[in-house]
Each structure stands twice: as C-alpha cells, then as structure tokens.
Amino acid sequence: MKLYEFEAKEILRMYGVETPPSVLVMPGDDVAAKIREAGLEPPLVVKSQVLVAGRGKAGGIKLVESVEDAVRVAGELWRKPIKGILPGALLVEKAVPHDAELYTSIIIDRSERRPVILASRFGGMDIEEIAREKPESIVRHYVDPFLGLRGYEARMVGKAIGLSGRLLNSYASFLQVLYRVFTALEAELVESNPLAIVGDKVVPLDARIIVDDNSLFRHRELVERRRVEQRGEYTEWEVKARQQGLPFVELEGDIGIIGNGAGLTMATMDLVYHFGGRPANFLDIGGGARAELVKKAVSFLLEFPKAEKIFINVFGGITRGDEVARGIVAAVRESGSSKPLVVRLSGTREEEGRRILEEAGIYAYTDPVEAVKKVVSL
Amino acid sequence: MAVLVDSETRVLVQGITGREGSFHAKAMLEYGTKVVAGVTPGKGGSEVHGVPVYDSVKEALAEHPEINTSIVFVPAPFAPDAVYEAVDAGIRLVVVITEGIPVHDTMRFVNYARQKGATIIGPNCPGAITPGQAKVGIMPGHIFKEGGVAVVSRSGTLTYEISYMLTRQGIGQSTVIGIGGDPIVGLSFTEALKLFQEDPQTEALVLIGEIGGDMEERAAEMIKKGEFTKPVIAYIAGRTAPPEKRMGHAGAIIMMGTGTYEGKVKALREAGVEVAETPFEVPELVRKALRR
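The numbering scheme is per chain: residues are counted from 1 as the chain's sequence reads. The lettering of chains begins at A and the numbering of ligands begins at 1, in the order of writing. Only residues with pLDDT of at least 70 are given local features in this predicted model, and only at 80 or more are side-chain atom pairs given and counted; all residues enter the totals for whole chains, interfaces and linings. Side-chain metrics in this entry use all non-hydrogen atoms of the structure; hydrogen atoms and water are not considered.

Within an unreviewed UniProt entry, the label attached to chain B reads Succinate--CoA ligase [ADP-forming] subunit alpha, and the organism entered is Aeropyrum pernix. Under Subunit (unreviewed entry), UniProt gives the following word-for-word description of chain B: "Heterotetramer of two alpha and two beta subunits." The Pathway (unreviewed entry) field of the UniProt record for chain B holds the comment "Carbohydrate metabolism; tricarboxylic acid cycle; succinate from succinyl-CoA (ligase route): step 1/1." UniProt positions are given in the numbering used here, feature names are shortened, and annotations may be inferred rather than shown by experiment.

Under an unreviewed UniProt entry, chain A has the name Succinate--CoA ligase [ADP-forming] subunit beta and belongs to Aeropyrum pernix. In its Sequence similarities (unreviewed entry) section, UniProt records this for chain A: "Belongs to the succinate/malate CoA ligase beta subunit family."

Here it is, written out as structure tokens:
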C-alpha cells in the first residue's frame, strides 16, 4: 500500500520529526480560506497528491509567492494529470528556504536479505540519473534486522555523505526515526527526497512510504484512516478486482487470462504474445484456489469488457483440477455469457476436472501450446 | 546422490491438521516420503493419515529423533513462529509452503535460520523433490522422473510445467527445487547452484526465473566466474509484464528499471546460458546440452 506524501508526513510527525507547516486541500475546498485558517504565510508550495514517483518533474509541485497564486495554481493542479493520474488531494506547504538537498531511503535488499539504507548528498528530482551516472555518490549501508539501526551507524552514514557538526547529529536522529518507521509499519520503502539542509538541521520536504500489502492485517489503521481514495494507482477494473481480493493487472489486449501462480500466469501472457495474441489482463488465482475463488475470477473476466475471449491455464499442484473445473462451470452457468472460453488443465486431479468440464460441454486441453493457438485463432 | 531431500529424509509436517497440511501429508506419504510426525498446537495426541500429531516440535522430536526436515503449512500470521520453532528444535531443513507472509517477518526468520545453520526453502514455494526418493512439497509427484537434470525455479506452476515436459520427453530430474516467488527467500539461485555443482547425479540445470530482483543476474555472475560448470538452460517469465506493477502475490515487479526481462536475459546469455523464449523450448535445449 502506497501512502500519500501527506500521510507519510503525518506518520513522521507522530514519530517526532519536524516537517514544514502545511494544510491539506480536498476537492471543493476554498483554498484561500484553508491557507488563512492554517496561518500559512507565502511563499508556499502547492503539491499534487498522487501515488506516483517523479511528481516534481511531471509538474505536480509548484512554488507560489502569494495566496492568490496558490489559488490559481491549485485550480491548475486539480485538472493536471501526473503520469495519467489526477490528484486525490493537494498539499499546500510553507516553502522552506534551504541550503542543500539530500537523498535518503531505506528498502529491503532482496539478495542480501537485509534492510539497506541508501543515502546521497545529491537529492532532489534527478536522483535516478545520479544513481545511473554517479553510483559512487550513493552510500549503501546494510542493517542487521535483529539489532536495528545503531546510533553510530546512523552517524557513519551521515559522515559518509559529507555531513558534520550539529547537522550530522540532526541527520543521524532523523535516520534512526526513519528506520523505526520502516520497521513499525513493515514498509517495503521509506524515503525522503529531498531531505533539506536548513542551517544545522535536516527537514524532510518530501516523504514516501510503501507498506508491504502482506503485513496490512497488522496495520488496519492505515487503511481505515485513509481520507483520500486510492485514485489512480489502479484502474477502475483493478480497484474492483482488489475489492474482491483478486490479484489482477489490466493490460492492453483482448484475451482475458487466468493462471495459477504468478510465474505461470506471466508465462501464459508471454506465450499469448508469442503466438500473436494480446493479453487483456493478468489474473492469478494463486495456490490452492477452491471452486469459489475460481468462480469469482472467471465471473470477473466474463464481465470485464476488454476480455473478448478468455484463456484459463491451470497446472495444479496445491490447486486441484476438480475445484478449478467446478468453479469454471459455476461461473459460466450463472453468467449466461457466451464469451469464448479456452481451458487448459493439468496436474493434481486433472482427470476429474476434465470430466466435470466435459459434462458441462467445455473441452479441456492438456497441451498449453495447442490451447494458446486455439484462443488466439478465435 | 541428491540435493537437500533424499531417501534419508524424515519429515515433520507443521500444520498437519489443516486442509492443506492434511491433504499434502497424504500425498507425500503416497509418494513414498517418510512423513513421521505432525504438529498442530492443541491437537496433540490425534492422528492424520496414521501420522501421529504433537502439540510442539520439541515433543515430536522427542518421540521421533530421526526427523531432519520440516514442511510448514501454517497460515501466514503464524508461519514465522512455526519456522522459529523448527529451527530452535534443531531441524536443518525447513520448507515453507505458506504464501502471504509479511516480508519483514521473512527477512528475520531467514536471517535467524542462517545464523543457526539451517536452510529454509521458500516461503511461498512448492518445495523440493528428488524423484524416486522423497518429495517435501505440494507438487504432483507423478510428473517427475529420476534422472540427471536439476530444476531450480522461482515459480511453482512453471516448475511443474517444465518438469513434466522434461519427463514426457524422457529426461529425468535429479532434484527439483521451487525456491519461492517472494521478494526474500531462504534459498537463492546461487546457493542452489552451489549444491548442484557438488551433486554428481546432476548433469545439467534448468533455471526458471522471473522479472524483479537480481537473483538471476547473480546466478549469471557465478556461472561466468566458473563456479558452476554444468550446462544451464534458463527461462525467464514476465517478458510482457508492464513495469512498476506487481504481478500477483509474488515479488515480480520491475522497480526503477532494475530486474527487467532484458537485463536478466542479457546477463545469462553473456554467461553462456541458453535462454528459452518460451517454456516449451526448454526440453529441446536441455537435450542439446546433454548431447554435447
């Protein structure tokens, strides 16, 4: 779950980090009144709240010198899609004059299987280019997941990006808080870019947090507290699928795809392309799907307008062929849809599954290549 | 010879009374795996398919000291606890089938196991099988056949797909390991390759990767350095997946341009690995490699 900038900053404040004074503007709000109520004096920054990286470059962040300008710019930002996405809210923030911009993030390094801190004395909008062109300027520091980030380590990182004196201590304290947030929220990523140097202090001008979806059962408050709808991160049909608990990604083509397991589902997409078709989606029923879930997935694609035909590719291990077949048959019966459906079924209890399907008039392939060729040719 | 699981494997099933645990305990027994005990807290004293159930791993080990492997079917919120329990009891190989475990949990129990000298396979994986000797996992046993080709894979279903194709073409497997599709897994490609390098039964290796992460690139680096010397055939899933989108429950996501299909294929080809365009070309490439 990606958090908006304003949500990430609320969390940092809860952990005692000083962030620039700001006010959140929702659709329909009187921007000037909001700014006055919050007691914000220009210059101000108006920031589009969208869940995509690279907002600044895409024109989603504007510096303004007066409240009137803020109102005008806000009007523009409401209508300005950032990478195709309209903002769910705007954040009006006091502009903070600063001396330099740093970069700091914490992510999980998959190969090292440990959290890694990435820090650079060059922050701001060009961090991705800096990472490419001057990788040596990015300091990497691995953290022991049991010990957590020790104070001396945080100071070492600060030192390594060229900080000293009271600024070094301010940075080290900030980094330790960032690490606490990273573990408390079970985040995949916490980031501050730019992290401004203001005199002898660091101030996060931006903050980004992505929480691991698998851990959300322990962080219901994040979901419940959400005031701004998760606009734009997902398409309309992706939102619908998520509400039903289906891992679904919308694509550009016309062949609806269901597979079991992300690997096989992706390979099925690749195979459809290989034989000249275009997948309309990725839909993974995962491991051990029972008939009810299969039915839900098939019904979903029967309704999904982009999917003009459907290809179901299941190789059962923990997933049982008879359950899959029952789910398919139930979905087709209940929908009354006449969308063409091609099924490939192999693995655990495939004979029984095949029998159930054939009794309902659905032929099941065992050879996936034959099945793909069939669905592409329909 | 074999890798990780063999005829000496004695299995404990954690979560044996659950739907999956019980179904697959039976399937493992039918395959001929020595499943000697199960654990479900609160269900101690009962039996599942003739296998005695205990309340704790320690109690199971007291009655069955021969246990050397555990397989975990415990639901995600409690699975990490089951892994710690197995590792603390001294079990050296723990196969974690459970999907949806929070990544911070996985990071901690994987590090803990390594410090204690235990190997974790998974989580979110199909397990491992040495055809004809033992299967510790959820894969359909009949699709495998004894032989000389190792299969190591991040995807469960593609493991079955490709192994079954090999079998139908008469190419048997030494050991097949599904390492799991999560961002962090206990056993990596490079670690699996180290094991297969030492295994005299393994003549060639099939590596099934996915977009996301850098595990395939690390394996390529190892092959390039000459630390794995047997022929390798690879397939990478996700060529047509859009960037920055998570494909399903798995860790398959291209972030900031790293972990792309092209990058992985390039690294593998530069290391002399044959990369198949579709999973269905793998058997032919394996056959060619074995002829050489």
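Asker: Give me the domain arrangement of chain A: which residues, what numbers.
Answerer: Residue and element names in this part refer to chain A. Note that the domain bounds reflect an automated or database-derived domain assignment. Examined at the domain level, chain A breaks down into domain 1 (21-94), domain 2 (100-224) and domain 3 (236-377). One C-alpha centre belongs to domain 1, the other to domain 2, and the line joining them spans 26 Å. By the convention used here, residues are in contact when the closest approach between their heavy atoms is within 4.5 Å. Between domain 1 and domain 2, the contact holds six residues from the first and six residues from the second. Roughly 440 Å² is buried in total at the junction of domain 1 and domain 2, and carbon and sulfur atoms are behind 40% of that figure. What gets called buried area is simply the loss in accessible area from a 1.4 Å probe that two parts show on being joined, summed for both. Of all residues in domain 1, the largest losses of buried area upon contact with domain 2 belong to Ala53, Arg55 and Lys57, amounting jointly to 70% of the total for that side. Whenever Lys or Arg places a side-chain nitrogen within 4 Å of a carboxyl oxygen from Asp or Glu, that contact is recorded as a salt bridge. At the boundary of domain 1 with domain 2, the tally comes to one salt bridge. With its nearest N and O atoms 3.1 Å apart, the salt bridge here joins arginine 55 to aspartate 206.

Asker: How would you sum up the interface of chain A and chain B? Please name residues and give values.
Answerer: In this complex, chain A contributes 56 residues to the contact, which on the side of chain B involves 67 residues. When chain A packs against chain B, close to 5,000 Å² is buried across both sides, 60% of that on carbon and sulfur atoms. Looking at the side of chain A facing chain B, the largest losses of area belong to Arg110, Arg113 and Phe315 of chain A, adding up to 18% of the total buried there. For the salt bridge of glutamate 20 of chain B with arginine 320 of chain A, the shortest nitrogen-to-oxygen distance reads 3.7 Å. Think of a polar contact as two N or O atoms within 3.5 Å of one another; within protein, one of them needs to be a possible hydrogen donor and the other a possible acceptor, and neighboring residues in sequence only count if both atoms come from side chains. Our enumeration of links across chain A and chain B arrives at 16 residue pairs in polar contact (both at pLDDT 80 or more).

Asker: Quick rundown of the nonpolar core? Include the residues and the values.
Answerer: The nonpolar core is taken to be a set of buried Ala, Val, Leu, Ile, Met, Phe, Trp, Tyr and Cys residues, with the residues joined through side-chain atoms within 4.5 Å. Accessible area is worked out with a 1.4 Å probe on protein chains only. A residue is then buried under 20% of its type maximum, exposed over 50%, and partly exposed in between. Ranked by size, the top nonpolar core spans 96 residues in total, and within it Val13, Ile71, Leu193, Phe196, Leu205 and Val206 of chain B carry the most contacts. Put simply, DSSP marks the helices as runs of H or I at least four residues long and the strands as runs of E at least two long, and each gets a number from the N terminus on. Per-element tally for this core: the top contributor is helix α9 (residues 262-274) of chain A, with seven residues. In contact with isoleucine 71 of chain B, other than residues within four places in its own chain, are Val11, Leu12, Val13, Gln14, Met28, Val95, Ile97, Val136 and Gly137 of chain B. Listed in part, the 43 residues of the second largest apolar core include Ile117, Ala154, Val157 and Ile161 of chain A.

Asker: Hey, could you go over the UniProt feature "binding site: ATP" (unreviewed entry) in chain A for me, with residue numbers and the actual values?
Answerer: Residues and elements named next belong to chain A. UniProt's entry tags Lys47, Gly54, Arg55, Gly56, Glu93, Val96 and Glu101 with the feature "binding site: ATP" (unreviewed entry), counted in the numbering of this structure. Assignment of secondary structure puts glycine 56 in the loop between β3 (44-49) and β4 (61-64). Relative accessible area serves as the criterion here: at 23%, glycine 56 is assigned to the partly exposed category. Discounting chain neighbours no more than four positions away, the residues touching glycine 56 are Ile61 and Met125. By the secondary structure assignment, glutamate 93 is in strand β5 (residues 89-94). Since its relative accessible area comes to 3%, glutamate 93 is described here as buried. Discounting chain neighbours no more than four positions away, the residues touching glutamate 93 are Glu5, Lys9, Pro20, Pro21, Ser22, Leu44, Val45, Lys47 and Leu205.

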